[in-house]
Amino acid sequence: MTATVADQKSEAWLGVVPDTAPRRRLGLRQMLLLSGLWFGISYLWNPLALFILPSLVRDLTHPVPIHLGFVSAIVDKNTYLALLEGLGTIFAVVWQPAIGAISDRSTFRIGRRRPYIAIGAIGVVLFLSLMSVVPSFWLLFVVYSLLQLSSNTAQGPYQGMLPDQVREDQRGEASGYYGFLQMIGLIAAAIVIGILVPERLRWLSIISIAVVFAVTAGMAIFGVRDVRTTHRSTESLGRSIATSFVLDVKRYPDFAWLMASRLLFLIALTGIQRFALYFLQYTFNLTPDAAKRDTGYLLIIIVAVAAAVSLTAGFLSERFGRKRFVATACVIGAVGAALMITAQSIPVVLLFGMILGIGLGIFLSVDWAFATDLIPKAEAGRYMGVSNIATASSGIIAGFLLGPIIDIFNRGGTSTVGYRVLFGLSAAFFVIAFFTLRPVREIKVE
């Protein structure tokens, strides 16, 4: 049914366009507003993983010896942290593709993505506030799981908003802004939460995360035009949700292989990130505040280097191709992780962290554009949600695999060799990610 002139004026005032409208070329302001929530997402999850959750787990748990037949082990902080983040992240794997698919078929007059971003942002603020006062590990687990659910309620539809808006010839540019703002979010978190706010004021760090997420979500809701669905799906809602996890491997094999490579790359990177605080604290005998500060410095160096290369790599991938840049990121990551095995001082750790930063910057700035090239645009919300299965699963696998391995090799805290094993395994995952990328073709799906 054709919209009336009054309807069109109302939609223009609301910042809504029909999904049949051609994508317009975006300027700098629109790019920044569209990518702004990535700053908030980065400021949310990276300091949680690097600083806040490790310190909460350390304070709320104690080592427990276990005996399984002839095998004895110690369940310590690394395993508890893996359990918390691994099980809690399952919500991201299960929920984000479903809510992305629901937003694809939503017919709200204010747009199909905005309502979910708003609901998710409210939940993030609420459960972050509760996290600052939890008295036990298991209550922390419940609150963290609800936080994951809320964040992914916003993130799934938001990821669909980017392909909705960005023209094919600007995807590399948009991917560069996406990676760049993620990096800036990381740097801001490292400075504010890792260095400026002391351990005893952890609640202040948590509040700062809630404020940043709320502001950047507001940018997406009020500053970016949204798409209104002009047709109703003939498929039932239940079936739409059920099939939101299904990837047509025969029809989109390149996207499937790219997601496999992304999973392996992020297992390596997430493993290093998740246990960095413990690595520095117990390898170099630092106080909690000193470990938090040095982890902040490590993050700043990695991310500053990544930010410096992210915009350049995004632009250059338009000319020279996405695949070679992602492959280069895998090789550089493997080199950085392998060198970390030999690091015997904090300055050397920071130096090798710069190498990891180069790989991270290239990967983040190009991988998103590569993924959007390979998905059907009519189902952008669902397929970007499916892509997050690789992203979120990396945290689950890295935690459940690497956390216990570290504790086993550390022999209940009497050694720190487990962290060297972590770096060796991470280097191996980077290498496997490189070879998994080989079958991917550089094509553009419409």
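Residues numbered from 1 in each chain as written. Predicted model: local features only at pLDDT ≥ 70, side-chain atom pairs only at ≥ 80, totals over all residues. Heavy atoms only, no water.

Caption draft 1: Up close: the overall build of the chain. Counting its secondary structure elements, the chain contains 15 helices and four strands. Put simply, of all contacts in the chain between residues at least 6 apart along the chain, 85% involve residues at least 24 apart. When the accessible area of the chain is evaluated, it comes to approximately 17900 Å², of which 69% is carbon and sulfur surface. (Helix = DSSP H or I, 4+ residues; strand = E, 2+ residues; numbered from the N terminus. Contact = heavy atoms within 4.5 Å. Areas by Shrake-Rupley, 256 points an atom, 1.4 Å probe, with all protein chains shown as cover.)

Caption draft 2: Representation of the side chain of R262 in the model. Within the element layout of this structure, R262 appears in helix α9 (residues 253–274). R262 has contacts with F363, D367, A371, S387, A390 and T391, leaving out every residue within four places of it along the chain.

Caption draft 3: Structural detail: the packing of aromatic side chains. Per the stated rule, a full pass over the model turns up 14 aromatic pairs. Pairing W45 with Y144 gives two aromatic rings, centres 6.0 Å apart and planes at 90 degrees, and the pair type is edge-to-face. You can see W45 sitting in helix α2 (residues 28–60) and its partner Y144 sitting in helix α5 (residues 137–165), a full 99 residues away along the chain. For the pair W45 and Y144, one class covers both residues: buried. (Phe/Tyr/Trp six-rings, centres within 6.5 Å; stacked < 30°, edge-to-face > 60°. Buried < 20%, exposed > 50% of the residue type's maximum accessible area, 1.4 Å probe, protein only.)

Caption draft 4: Focus on the packing of α2 against helix α7 (residues 202–223). At their nearest, the axes of α2 and α7 sit 8 Å apart, and the two run at 160 degrees to each other. By the angle between their axes, α2 is roughly antiparallel relative to α7. Crossing hand, α2 versus α7: left-handed. (Axes fitted to C-alpha atoms, helices over the stretch in contact; angles between N-to-C directions. Parallel < 35°, antiparallel > 145°, perpendicular 65-115°, else oblique. Left-handed = near helix turned anticlockwise from the far one by under 90°.)

Caption draft 5: Up close: the confidence of the model for the chain. Per-residue pLDDT for the chain has a mean of 82; in total, 85% of the residues score no lower than 70. Low confidence marks residues 5–9, where pLDDT is under 50. Its contacts with residues over four positions away, or in another chain, come to one contact. (pLDDT = per-residue confidence, 0-100.)

Caption draft 6: Spatial organisation of α2. When the terminal C-alpha atoms of α2 are compared, their 45 Å separation across 33 residues agrees well with the 48 Å that a helix rising 1.5 Å per residue should span. Among the 33 residues of α2, 27 are classified as buried, and the element is accordingly described as predominantly covered. (Expected span 1.5 Å × (residues − 1).)

Caption draft 7: Seen up close, the packing of α2 against helix α10 (residues 276–283). Two elements in contact, α2 and α10, have axes whose closest approach is 9 Å; the angle formed by their N-to-C orientations is 65 degrees. On α10, the residues that touch L50, F51, P54, V57 and R58 of α2 are A276, L277, Y278, Q281 and Y282. Classifying every residue of the contact of α2 with α10 by side-chain character gives eight nonpolar, one polar and one charged. (Nonpolar A, V, L, I, M, F, W, Y, C, P; charged D, E, K, R; others polar.)

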